[in-house]
Number of protein chains: 2
Amino acid sequence: MNAPTVLAFDVFGTVVDWYGTIRREVGAMGLGIDPGEFALAWRAGYQPAMQRVRSGQQGWTSIDRLHRSILDGLIERFGLHDLDETARAHLNNVWHRLDPWPDSVRGLARLRRRFTICTLSNGNLALLADMAKHGGLPWDLILSAEVFRAYKPDPRTYLGVCDVFSIEPQAMMMVAAHRDDLAAARACGCRTAFVGRPGEYGPNPPAAHVEPAAPLADFEAPDLDELADQLGCPSP
Amino acid sequence: MNAPTVLAFDVFGTVVDWYGTIRREVGAMGLGIDPGEFALAWRAGYQPAMQRVRSGQQGWTSIDRLHRSILDGLIERFGLHDLDETARAHLNNVWHRLDPWPDSVRGLARLRRRFTICTLSNGNLALLADMAKHGGLPWDLILSAEVFRAYKPDPRTYLGVCDVFSIEPQAMMMVAAHRDDLAAARACGCRTAFVGRPGEYGPNPPAAHVEPAAPLADFEAPDLDELADQLGCPSP
């Protein structure tokens, strides 16, 4: 079995902390709402919105636009009618400003010395580029569902990464904090690495978002720095 | 007129020195041929190969594969039958290892502080990612004809960049050492910056590859560092 040459990373939750960043930004706006509840509600709209695109009910729509559509619903629900268009557009862009987990930049920098590291996120390219600049994420290449016009877990995304790099699936390893993402990559013949992020949904995660302990991936690590250890990457 | 927010860069010749790098690598192989002539002959096959794809005579084919097809012809022509498959594959990958011009890394780093900087190259994504890692090119995003499934000067490439960033064409500025690339971008409504690279084709450039002095672009600079000056970017 040859070693993988390309590591493809899920981003939201795996590399960056969407809950913590949104909770903090919304909290700082002083809107009189529970900012953690708001963050969870925004994220809860994510899979259903993508599912409308996956099912063909809605044509190709970027995550920026899906996030905005969910946000407009939340503004009604949370009674935030005072937010003007500028404030809404700025708030929607919080997804471009998500902070990395404390280990992410160091872990990626180490992994990058041995592997080609790329994103494979459902986030759109502009979002991922802004986020990388904001957080100093040292990607070799930013890839997105937008490039393949299909949202994960569609096999065209995982196999699309292999096609970009002209490699067989077993030379690509998907890195994610979500078992379903890894299962879909594995079904395409790719390797898998699970990174545990128990705080992804905040201190009291909804039961549906507690990741099961199994099935085990090829590698299991508590963070990206330890994944670099397991993959034999030298310290910086 | 609003200032541009995104700078999209042509790469071969504008940011990296394909002639000098290939001449040096081929020279070091000791093949008993004129390495500068070899570099020019390889590049001479580039536009005709892409034209076969543009015209529909050939389906979508990556630049890596087009380069390899041209190389196989040159191996015949230059009588290099002793090169085995490993050597041919390694030589074809020289396009992934092209060195930046001396001003490129510093100029891009300065421009990146004020603008979003991306590639818009006919080179494929894996080639551009390897090249960025090799030369330390600090792109915010690597975009390629491969993403848009169309080769420059097809308008879908320039307008594709605008679509990725959700900007109007006048908010995008194309940066290139080639007047025809800039003319195509301008026809789409984009801004233009010309960077003179008189040494792109070596010390004795074929007449067809001497860039005309006009029409003038919105900005005209001898290198990327001076372009950063003209665009008001602070020194590092």
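Just so it is clear, the model here is predicted, and its values are computed rather than measured.

1. Things to note about the relation of the copies chain B and chain A
- Between chain B and chain A, which share one sequence, the superposing operator has a rotation angle of 180° and an axial displacement of 0.0 Å; the RMSD is 0.0 Å. Overall, the copies show the geometry of a two-fold rotation axis. Among all residues of chain B, the minimum C-alpha distance to the rotation axis is found for B:V147, at 3.0 Å.
- Of the residues that chain B buries at the interface, 100% are likewise interface residues in chain A, meaning the two copies contact each other through the same surface.

2. Here's the deal with helix α2 (residues 35-44) of chain B
Residues and elements named next belong to chain B.
- Buried residues of α2: F38, A39, W42 and R43, and no others. Projected onto a plane normal to the axis of α2, the buried residues spread over an arc of 130° and lie on a single side.
- Buried residues along α2 sit in contact with α1 (18-28), α3 (46-54) and α4 (63-77).

3. Details of the environment of B:V105
All names here are of chain B.
- Mapped onto the elements of the fold, V105 is located in helix α6 (residues 104-114).
- For V105, a count of 17 C-beta atoms within 10 Å gives the class partly exposed.
- With 93 residues separating them in the primary sequence, V105 and P198 have C-alpha atoms 19 Å apart.
- Residues within four places of V105 in sequence aside, it is in contact with P100, G135, G136 and L137.

4. A few points about the pairing of strand β5 (residues 191-195) of chain A
All names here are of chain A.
- Counting buried positions along β5 yields 5 of 5 residues, so the element is predominantly enclosed.
- Here β5 shows a buried face lined by R191, A193 and V195 and a second buried face lined by T192 and F194.
- Two elements, strand β4 (residues 172-176) and β5, share 4 bridges in a ladder whose sense is parallel. Pairing of V175 across the sheet is with A193, part of β5.
- Examined bridge by bridge, β5 and strand β6 (residues 219-221) share 3 bridges and lie parallel to one another. The residue of β6 that forms the bridge with V195 is A221.

Procedures and definitions
Residues numbered from 1 in each chain as written. Chains lettered and ligands numbered in written order. Predicted model: local features only at pLDDT ≥ 70, side-chain atom pairs only at ≥ 80, totals over all residues. Least-squares fit on C-alpha atoms with pLDDT ≥ 70 in both. Contact = placed C-beta atoms within 7 Å. Buried ≥ 20, exposed ≤ 12 C-beta atoms within 10 Å, placed from the backbone. Helix = DSSP H or I, 4+ residues; strand = E, 2+ residues; numbered from the N terminus. Arc of directions from axis to C-beta. Pairing = 2+ DSSP bridges.

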